Amino acid sequence: MSEKTTAQVADQVGTSRKNLNLYLVRHPELRPAKRLQPSGDLLWTEQDIQRLIETRATRKHKGGRPKKK
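Below you will find a few notes about this structure. Computed from a predicted model, the values in this text were never measured in an experiment. (Residues numbered from 1 in each chain as written. Predicted model: local features only at pLDDT ≥ 70, side-chain atom pairs only at ≥ 80, totals over all residues. Heavy atoms only, no water.)

1. Structural notes on the overall build of the chain
For the chain, the helix and strand inventory stands at three helices and two strands. Ordering the α and β elements of the chain from the N terminus gives β-α-α-β-α. Burial statistics for the chain: of 69 residues in total, 28% are counted as buried. A sequence separation of at least 24 residues applies to 52% of the contacts in the chain between residues at least 6 apart. (Helix = DSSP H or I, 4+ residues; strand = E, 2+ residues; numbered from the N terminus. Buried < 20%, exposed > 50% of the residue type's maximum accessible area, 1.4 Å probe, protein only. Contact = heavy atoms within 4.5 Å.)

See the structure below:
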């Protein structure tokens, strides 16, 4: 099973590495357990990536102020 780094996963998901790391700070349950030594970069399995994609798809930001009537 091949593992990917955070930068590769960010490209695959369509976001920046910075935004992906911010998302992981807000949702620590999605953080993969394995790390690359000595850099400390996260190593993602296909299951980790799929869980991230599913979670991002279900959480939608409503954004902005409500429209005036």
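2. A look at the packing of helix H1 (residues 6–13) against helix H2 (residues 17–26)
Any two packed helices are characterised by the angle at which their axes cross and by the distance between the axes. Closest axis-to-axis distance for the H1/H2 pair is 9 Å, and the angle between their directions is 100°. It follows that H1 is roughly perpendicular to H2 by the angle criterion. Contacts between H1 and H2 pair Thr 6, Ala 7, Val 9 and Ala 10 from the former with Arg 17, Leu 20 and Asn 21 from the latter. Classifying every residue of the contact of H1 with H2 by side-chain character gives four nonpolar, two polar and one charged. (Axes fitted to C-alpha atoms, helices over the stretch in contact; angles between N-to-C directions. Parallel < 35°, antiparallel > 145°, perpendicular 65-115°, else oblique. Nonpolar A, V, L, I, M, F, W, Y, C, P; charged D, E, K, R; others polar.)

3. Here we look at the nonpolar core
Formed by Val 9, Ala 10, Leu 20, Tyr 23, Leu 24, Leu 30, Leu 42, Trp 44, Ile 49 and Leu 52, the largest nonpolar core amounts to ten residues. Within the residue set of this core, elements represented by two or more residues are H1, H2 and helix H3 (46–58). The biggest single contributor to this core is H2, with three residues. Setting aside residues up to four positions removed in sequence, Val 9 forms contacts with Lys 4, Leu 20, Trp 44, Ile 49 and Leu 52. (Core = buried A, V, L, I, M, F, W, Y, C linked by side-chain atoms within 4.5 Å.)

4. With respect to the pattern of salt bridges
Scanning the model with the defined rule gives three salt bridges in all. A salt bridge links Arg 17 to Asp 41, with the shortest nitrogen-to-oxygen separation between them at 3.5 Å. Here Arg 17, found in helix H2, pairs with Asp 41, found in the loop between H2 and strand E2 (43–44); they are 24 residues apart in sequence, far enough to count as distant. The class for Arg 17 is partly exposed, based on a relative accessible area of 42%. Judged by relative accessible area, Asp 41 falls into the buried class, the value being 14%. (Salt bridge = Lys/Arg side-chain N within 4 Å of Asp/Glu carboxyl O.)

Keep in mind these numbers describe shape, not what the thing actually does.
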